[in-house]
Amino acid sequence: MQETPQEYIKRILGNVEGQNPLKVQAGTAKKLERLIKGVPASRLRKRPAPGKWSVGEILAHLADSEIVIGWRLRQVLGAPGTPIQGYDQDSWAAAGHYEKRDPRKSTEQFRVVREANLALLKSLSPEQWKHHGMHAERGVETIELIVRMIAGHDLNHTKQVERIVGAKKK
């Protein structure tokens, strides 16, 4: 059963509760790099179960998601109140051939785009953190909420990578 947008928000924000979302985001790339260090690419591409993404697919998703987030942040900052379009991550995974992407290159792409997005966020005025867009599925999302959602999304996928890599190392 697919979760509702409200259930998704609650689950993702629950991951980051009590943590500084910018610190979480700043540490994600290095944590991912540590988790996959020394793990053969063939193992990173192996799915843990039918219908579940491999570590490589998760890393490709994070890299693409970071591009999306960068676009959304800039759209909201440049035109407060702007519509925010959702996307089908499974369609992107299929169309983008996530299963064939180099997991380490995906991690590097994620790191570089994340650094640019964090630099932007660190430059914002207090007023800009209140700017919002209207997400097609989730409603009003301020920059502050988007930043918390990104951190929760990071933690969600980092935990998945930890479980998969941990299971493979045993």
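The structure we're discussing is the one just above.
Quick look at the structure, then. (Residues numbered from 1 in each chain as written. Predicted model: local features only at pLDDT ≥ 70, side-chain atom pairs only at ≥ 80, totals over all residues. Heavy atoms only, no water.)

### Side note on the overall build of the chain
- Of the regular secondary structure elements, the chain holds 7 helices and 3 strands.
- For the chain, whose C-alpha radius of gyration is 16 Å, the value lies close to the compact-globule estimate of 15 Å for 170 residues.
- By its C-alpha atoms, the chain is 50 × 35 × 30 Å across when sized along the principal axes.
- The buried share among the 170 residues of the chain stands at 44%.
- Pairs at least 24 apart in sequence give 79% of the contacts found in the chain among residues at least 6 apart.
- Accessible surface, the chain: about 9500 Å² in total, of which carbon and sulfur atoms supply 56%.
- A distance of 7 Å separates the average location of the 29 positive side-chain charges in the chain from that of its 19 negative side-chain charges. (Helix = DSSP H or I, 4+ residues; strand = E, 2+ residues; numbered from the N terminus. Rg over C-alpha atoms; globule rule 2.2 N^0.38 Å. Buried < 20%, exposed > 50% of the residue type's maximum accessible area, 1.4 Å probe, protein only. Contact = heavy atoms within 4.5 Å. Areas by Shrake-Rupley, 256 points an atom, 1.4 Å probe, with all protein chains shown as cover. Lys, Arg positive; Asp, Glu negative; His and termini not counted. Charge placed at Lys NZ, Arg CZ, Asp CG, Glu CD.)

### Section: the nonpolar core
- In terms of nonpolar packing, the biggest core is built from 19 residues, with Leu 32, Leu 44, Val 55, Ile 58, Phe 110, Val 161 and Val 165 touching the most fellow members.
- Of all the secondary-structure elements, those providing two or more residues to this core are helix H2 (21–36), helix H4 (55–78) and helix H7 (143–169).
- Beyond its immediate sequence surroundings of up to four residues, Ile 58 is in contact with Trp 53, His 157, Gln 160, Val 161 and Ile 164.
- Listed in part, the 13 residues of the second largest apolar core include Ile 69, Val 76, Ile 146 and Ile 150. (Core = buried A, V, L, I, M, F, W, Y, C linked by side-chain atoms within 4.5 Å.)

### Some points on the sheet that holds strand S2 (residues 132–135)
- The mixed open sheet is built from 3 strands, whose spatial order is S1-S2-S3. Each edge of the open sheet carries a strand with a single partner, namely strand S1 (83–84) and strand S3 (139–142).
- As defined by bridge partners, S1 adjoins S2 across 2 bridges and the pair is classed as parallel. The residue bridging Pro 83 from the neighbouring strand is Met 134, located in S2. (Pairing = 2+ DSSP bridges.)

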